[in-house]
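# Architecture at a glance
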Amino acid sequence: MQYRSMTIEDYDAAIQLWQDTAGVRLRDADSKEGIARYLDRNPGLSRVAVDGGHMVGTVMAGHDGKRGYIQHLAVADDYRRRGVASRLVADCLEALRQAGIIKSHVMILRTNALGESFWNSLGWQRRSDVELFSFINGGGENV
Ligand SMILES: CC(C)(COP(=O)(O)OP(=O)(O)OC[C@H]1O[C@@H](n2cnc3c(N)ncnc32)[C@H](O)[C@@H]1OP(=O)(O)O)[C@@H](O)C(=O)NCCC(=O)NCCS
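Throughout what follows, the structure given in this document is the object of discussion. No experiment lies behind these values; they were computed from the predicted model shown.

Of the residues making up helix H1 (residues 11–20), those classed as buried are Tyr11, Ala14, Ile15, Leu17 and Trp18. An end-on view of H1 places all buried positions within 160° of arc, on one side of the element. In H1, the exposed residues that point more than 90 degrees away from the buried face are Asp12, Gln19 and Asp20. Packing partners of the buried residues in H1 comprise helix H2 (32–41), strand S3 (54–63) and strand S4 (68–75).

Turning our attention to the sheet that holds strand S5 (residues 104–106). A sheet is described by the order of its strands in space; here five strands give the open sequence S1-S2-S3-S4-S5, paired in mixed fashion. Each of the sheet's edge strands pairs with one partner strand only, and the pair in question is strand S1 (2–5) and S5. Along the sheet, successive strands turn relative to each other by an average axial angle of 25°, direction set aside. Together, S3 and S4 form the strand contacts of H1, whose direction differs from that of S3 by roughly 95°.

Our next topic: the pattern of salt bridges. Should the charged atoms of two oppositely charged side chains come close, the side chains can pair. Inspection of every chain in the model, using the stated rule, returns seven salt bridges. The residue Asp91 makes a salt bridge to Arg47 at a minimum N-O spacing of 3.8 Å. You can see Asp91 sitting in helix H3 (residues 84–98) and its partner Arg47 sitting in strand S2 (residues 47–51), a full 44 residues away along the chain. A single burial state applies to Asp91 and to Arg47, both of which are buried. With a closest N to O distance of 3.9 Å, Glu116 and Arg126 form a salt bridge. Residue Glu116 is found in helix H4 (residues 113–121), and its partner Arg126 is found in the segment after H4; the two are separated by ten residues along the sequence. Residue Arg126 is classed as exposed on the basis of its relative accessible area of 57%. Three or more residues joined by partner-sharing salt bridges are found here, namely Arg47, Arg87 and Asp91.

Calculation criteria
- Residues numbered from 1 in each chain as written.
- Predicted model: local features only at pLDDT ≥ 70, side-chain atom pairs only at ≥ 80, totals over all residues.
- Heavy atoms only, no water.
- Buried < 20%, exposed > 50% of the residue type's maximum accessible area, 1.4 Å probe, protein only.
- Helix = DSSP H or I, 4+ residues; strand = E, 2+ residues; numbered from the N terminus.
- Arc of directions from axis to C-beta.
- Contact = heavy atoms within 4.5 Å.
- Pairing = 2+ DSSP bridges.
- Axes fitted to C-alpha atoms, helices over the stretch in contact; angles between N-to-C directions.
- Salt bridge = Lys/Arg side-chain N within 4 Å of Asp/Glu carboxyl O.

Shown next, in the form of structure tokens:
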């Protein structure tokens, strides 16, 4: 298994994995242009796991100078429960730490019990003290 930084050349394989993975919600911002912009703004923070040329895991991360934000964590069905996601997240957090970011957040759908088990297992704390507010500034519905 090869673990490495994600590049825009990984886009087609990554979007296929995300489309095949329940629990990953895709938006217009996940277009190739959107992901290219994200990777440019957050160099080296997003990671992939590749086995024999086949993409089997992804995690994306960015930061705002204070906090890290993790998204699109996905591992192919056949590769689950082997520590792939744990390794991807560990590498991602180390890259964030090197960028000066020690606290990070991840948003998961309230219905994603699997995601909740995973983040709990890594010691992430579920927040009950915050609500998420979002606003679309002149865009469409699926942004
Ligand atoms: C969540 C997900 C990324 C985990 O990937 P993974 O590579 O199987 O995870 P790991 O092997 O590193 O698991 C680490 C720990 O998480 C917990 N965990 C993982 N899958 C679990 C499951 N199906 N049920 C219960 N606990 C689970 C376990 O504690 C596990 O440790 P263990 O195997 O020693 O018991 C993968 O199941 C997935 O892609 N799910 C769909 C997408 C998603 O929900 N992403 C998270 C939202 S961002």
